[in-house]
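# Fold and geometry: a report
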Amino acid sequence: MEEFSWLQCLKVVFIVTIIVIFNCAFLFVLSLPPLDPEVLSVFVPPFISRDDVQVINAGNNLNKSKRRSFRKKKERPKIENVKSLNGQQKAPDTEDVTIPKDIDLIALPQLCFPGGLYVTSESKEDHIHFLVFTDVCGNRTYGVVAQYYQSIQDVSPSSNGQGYWEPAQTGKVPVCFVPCAVCVISRYPYFSALKDCLSCLLVQLRPFRDLDVEEHIKEFAAKLFLIPSPPPGPLHLVFHMKPLQIIIPSQEDPDSPIIDLNLHLPLLCFKPEQVLQIMTCILTEQRIVFFSSDWALLTLVAECFMLYLHPLQWQHTFVPILSRQMLDFVMAPTSFLMGCHIDHFGEVSEDLILINIDNGDISHTKMVEEEFEIPDVPAQAAETFIKRVEGLQLHFDLELCHLRASTDLGELQTCRRAWQQKLNMDVQQTMLQLIVNIFREVKDHLNYEHRVFNSEEFLKTRAIGDQPFYKKVLETYMFHSFLKARLNRKMDAFARLELSTQPEEDRLDLMFPTPRRLTIEKMASRRISTERKASRRKVISMPNLQDIKLPEGPTRNPSLGKVDTAGACLSVPPLVVKTPSKSITTFKIPEIHFPLMFQCVHSYYTDFFNHLSKAISTLPPENSALLARYFYLRGLVSLMQGKLLNALSDFQNLEKTDLRIFPTDLVRKIVESLPRSERLQADRKPELKRLISRVMEKQREVLKIDDHVKNFELPKTHMQLGDFVKRIQESGIVRDIDTIHRLFDALTVGQQKQIDPETFRDFYNYWKETEAEAQEVNLPPAVIEHLDKNECVYKLSCSVKTSYGVGKIALTQKRLFLLTEGGRPGYVPIAAFRDIEDVKSTTVAFLLLKIPTLRIKTLSKKEVFEANLKTECDLWNLIVKEMWAGKKMAYDHKDPQYIQQALTNVLLMDAVVGALQSSKSIYAASKLAYFDRMKNEVPMMVPKTTSETLKHKINPSAGETFPRAIDVLLYTPGHLDPSERLDSAHPKLWCALSEGKVVVFDASTWSIQQHCFKMGRSKLTCMVMVEQSQVWIGSQDSIIYIINTHSMSCNKQLNDHRSDVTDIIVEKKNGTPSEAYSSSLDGMVIAWNISTLKVNHVFQLPCQNLTSMKLHNDQLWCFCWISCILVVSTHEFRPQMKIEHHLKDVCSSFLGFQLFPEREELWASYSGSSDLYIWNTKDLSSAPQKIHLQDCSEITCMIRVKDQVWVGSSGRLQGKSKGKIYVVSAERSVEKELVGHTDAVKALCSAEDRYVLSGSGKEEGKIAIWKAG
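Described in the following lines is the structure provided in the data block. Here, residues in each chain are numbered from 1, in the same order as that chain's written sequence. This being a predicted model, a pLDDT of at least 70 is required before a residue's local features are given, and a value of 80 or more before pairs of side-chain atoms are given or counted; all residues contribute to the totals for chains, interfaces and linings. Only hydrogens and water are set aside; all other atoms, that is, all heavy atoms of the structure, feed into the side-chain values.

## Quick word on the packing of helix H19 (residues 598–618) against helix H20 (residues 624–640)
Axis separation between H19 and H20 bottoms out at 9 Å; the angle between their running directions is 155°. On the basis of their axis angle, the class for H19 and H20 is roughly antiparallel. Where H19 crosses over H20, the two elements pack in a sense that is left-handed. Residue-level inspection shows Tyr-605, Phe-608, Phe-609, Leu-612, Ser-613, Ala-615 and Ile-616 of H19 in contact with H20, the latter providing Leu-627, Tyr-630, Phe-631, Leu-633, Arg-634, Val-637, Ser-638 and Met-640. In the scheme used here, Gly and all other residues not listed as nonpolar or charged are polar, with Ala, Val, Leu, Ile, Met, Phe, Trp, Tyr, Cys and Pro taken as nonpolar and Asp, Glu, Lys and Arg as charged. Taken together, the residues of the contact of H19 with H20 break down into twelve nonpolar, two polar and one charged. Interaxial angle, 0 to 180 degrees, is taken between N-to-C directions of lines fitted to C-alpha atoms, where a helix line uses only the stretch in contact. What counts as a helix is a DSSP run of H or I of at least four residues, what counts as a strand is a run of E of at least two, and both are numbered from the N terminus. Here roughly perpendicular refers to angles of 65 to 115 degrees, roughly parallel to angles under 35, roughly antiparallel to angles over 145, and oblique to all remaining angles. Crossings are sorted by hand: turned counterclockwise from the far helix by less than a right angle, the near helix makes the crossing left-handed, and turned clockwise it makes it right-handed. Contacts are residue-level and defined by heavy atoms, with any inter-residue pair within 4.5 Å sufficient.

See the structure below:
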């Protein structure tokens, strides 16, 4: 039975080998006359006899796909007799040889001897080269070939009549040497590891004869087969192969490639400028051929360039080594990357990029005589790259100069590996930064909702010298795949680096999307070609919002408060980042003893399991990343042993340690192969039953991923409103639906409610031309010094006569000023929008003419500014009034987004007038004067109490087509600058929106730090910071998602609830979080160990519809929707008190609760009620006191802040919905009534008891920040 289990295990591993096993095939190649190499032996796992395979097929149905076989040709020698695991000889009953998929044994010998096979009179040094095989689907398999020479004397006849080489005998003089090769084929690119293994093998083969050599190679193959491939993450595997320690590296993360070679090799062979040229050739998908006299270097250099592209991927033919028989491959008409020996340099066809690795030359063979030019990489990205490459230390010997000489090979090897690992990380980061700098601004021209990329506008915004590069790249398959990943918001290496090096102004652009214009800072930088210099502001806590003036439009200040830190100033994250140091742990695999028999293998897996169990037991739970890797490996070992339930249990632990490496497909296959008895056992274990249910449900969920990418095109047919909205959003001009509706009304004034293609084209072209002209505005230094660095010039008038002189009127988001003309252009202030008192359009008589004139009166000046704007007067009148009204609303409502909306409106007005060119154009533009109309139609006065308490408003739905309701808010405090301490962070505001979306703000700047987390697809119900590094988020899909606040990633989740998670609270002992409690709608409460994420206790309450919990004095107060309160002891975990019948007389359903333990009071609200009810917790049978809230339709949420209760509500005013907040004191009086939202208040949270943050419903979708107290 044990033997059956082991053989069954082999069958399982063989089928899923590409996922979990270091799968290798081993071929022993020997030269035969007439100088053509031939496959002599093939060793392919599993190393078992045919009889055992039949037993396996009868005992396990994990995967019923047939094993591929290769039938040797009749004229070739027959395969050697097969030996079973116990060494007994078996007669071959077939010539089938099991080989890895997509490996051609006929072509393989040519690649093992790519330069041809030559018998020599002298022995040559052993050497190694590398192969890459690609199947029709683009999947790659890798090979490492070791060549060595064997002395021979003559040819002796074999028993089957075929000749074979006989090694030289003692006393005979060898007449020649024949090359032999051993090729290891793997599904993973372990170039260095397999090179080390083969190097050890060659040393061990020297004393053996033919038959012994074959047995030794078979043992070598079997040993490698038993070594698993490590999962992605910080764990490398180590095993001993005399005389070296072999390291099997892991991927950095599931999306990263395996790197087991020296990434700096191309930097040794080429100058940085040449590396950029080669990268350009690859990015533009040319037909490329590498040449070298070193076969090994061909593959390694080509593979390095493939890794340099990450996360982009080469999607064409990739054959880094061509044998002399394969040279016609370079005649292929499509894109490819191939490699040839330098001897064939003159034999290749024309129209190719030829790269000589040996001397660093790059040339091109052209069919016509015109010179081929490789476009340059964008200048700024190239400059940064060259500087970083020049700063790399590429020579190991320089690292050894100051160290003592090593007397230990292992020590020297370890030192070299550590140096190479660090250098690889530096090179990897340098190349990734190059890719990010090249494609950083692609996102600005994407429309995510309609999956559109506006390539034409992207090209127009590129520098003239960079355009040839982008024109070629934008047409490639590689870039198309890159666009798909961006539109899917994939958080890969590109996205992470792009986010971490994003300038502060770009983060704020996410909140205040406006038409692209050059800031004064960029204008000055472009003029003097200097980089901005600044230092990062240090913020410990929430900014002092009461000390702030309202930001003017898209303010770029990194903090909305004043910080008492000497020398603190504005900062922009550097675009050049240091490579972070990553700690790597190694795990030594136990020794494998031979001969390869069942007992030896069983002992090996037992030792492996025990070593992993010991590592798991000694590792602290805080190191969850390493724990996950140990669980993963132990699950594989259990699988190999045939212990399927144990394997499932270990894989289930990944959900609480690192969900990213959970092997979903493997677990599904295990579940499908479970015998009935084991399936029944799994169903009796709740955690395994839930695991099986989730995995099988995911298989049934067929999610069609929309990965198409459209290029923006102007419409060719008439458009109704719906199609017009889509087209405008696709164009990137504006996304807000209400604004687009007003634009539609403006463009259809006096005609049918449809827009013809010509009108759309005229409007679009005018908008883009205006945008391009604004990019060319270049103000003189004398003007720039008067403006804030983040101001942008959005519009310039024609040259006009004004009361301040002749010049052009310029509009920014903050002010109007006159750009005077003459010998020295100068700056004359006209008015800041906040200072405007009145704006009028009038006429001034001049001789017999009446000249249209704009008059602007300000609060700070007595004289009135006049400008003879003539035909532009009416338009500028609309523009100035709209900006004035938008500024006033922004100031009154503490919402800087109004300034951005007003800016968009005036630029749309300008484009409408420019496009229509008719008598009705001004009237049409007036349709877009939203804020001016609001000022005239609706009273804009904000109540004094609201104005004094409200400090700021932000919009988490900015840039989206419509606002989203804010379901939950969470504030997490911060520390000093993250560079100072590992566990430090800025304060953050977490905002849960609809459909499982979470947006994170940096609360020191109110810029968006993380644009979108996706926590399933259900509504999120609660969020809590369990400890400094963890935020737990409960969802209606019954899952608790755990966010790592340092990496800002979700790689853990808790799945023990069976219904909607409704609340999470944390118990602290001596100020330290000790236990967390979560509740679900079905009445289940779970107590969690925060460190280990293990369940401490589970108890089921005798009620349904459990909505929330409060913790006080080791008692859980549990509140149910149906007017039921249960008090549960956290020591005994059983109900102590149930209050039900006293409450039903008041109302049927609870909505919100707050405890005042020191006052022995319970405050509650009910569904559909506008009253607060207050009970004495010592006598809940008594009738509650009631506080009625005036002008309130329904209480929606409530929180306690110090000795106050802040109550959010919904109501209606003048027929429109509104949100109101009541601040109620502990003495039960309403101290404040705050009107800050135009929709119901859905969420409230406190920020250190200094501020209260409120979120509104989907009609508004904004967050208001209030001063507490």
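We are not done yet, so read on.
## Describing the sheet that holds strand E41 (residues 1084–1089)
Pairing between the strands of a sheet is mediated by backbone hydrogen bonds and can be parallel or antiparallel. The pairing criterion for strands is at least two bridges between them, as found by DSSP. Pairing within the open sheet is antiparallel, and its four strands lie in the order E39-E40-E41-E42. On the outer flanks of this sheet lie strand E39 (1061–1069) and strand E42 (1095–1100), each paired with one strand and no other. Direction aside, neighbouring strands of the sheet carry axes that sit 15° apart on average. Here E39 pairs with strand E40 (residues 1072–1080) via eight bridges, running antiparallel. Paired with Lys-1069 across the strands is Thr-1072, a residue of E40.

## Some details on the side chain of Asp-910
Position of Asp-910 among the secondary structure elements: in helix H30 (residues 897–916). Under the relative-accessibility criterion, Asp-910 is labelled buried at 5%. When near neighbours in sequence (up to four residues on either side) are disregarded, Asp-910 contacts Tyr-766, Thr-770, Lys-795 and Leu-875. Working definition: with a 1.4 Å probe on protein chains only, accessible area under 20% of the residue-type maximum means buried, over 50% means exposed, and in between means partly exposed.

## Quick word on the sheet that holds strand E55 (residues 1241–1247)
Overall, antiparallel pairing links the four strands, which are arranged E30-E57-E56-E55 in an open sheet. Single-partner strands in this sheet number two, and they are strand E30 (950–954) and E55. For this sheet the average axis-to-axis angle between neighbouring strands, irrespective of direction, equals 20°. Where E30 lies against strand E57 (residues 1263–1267), four bridges are found, and the strand directions are antiparallel.

## Remarks on the pairing of strand E56 (residues 1251–1256)
Of all six residues making up E56, six are buried, and the element is well covered by its neighbours. Here E56 shows a buried face lined by Tyr-1251, Leu-1253 and Gly-1255 and a second buried face lined by Val-1252, Ser-1254 and Ser-1256. Bridge count between E55 and E56: six bridges; the pairing is antiparallel. In the sheet register, Leu-1244 faces E56, and the bridge partner there is Ser-1254. In sequence, E55 turns back onto E56 through a hairpin of three residues, with Glu-1248 there showing a positive phi of about 60°. Here E56 pairs with E57 via five bridges, running antiparallel. Bridge assignment links Leu-1253 to a residue of E57, and that residue is Ile-1265.

The values are spatial; any link to function lies outside them.
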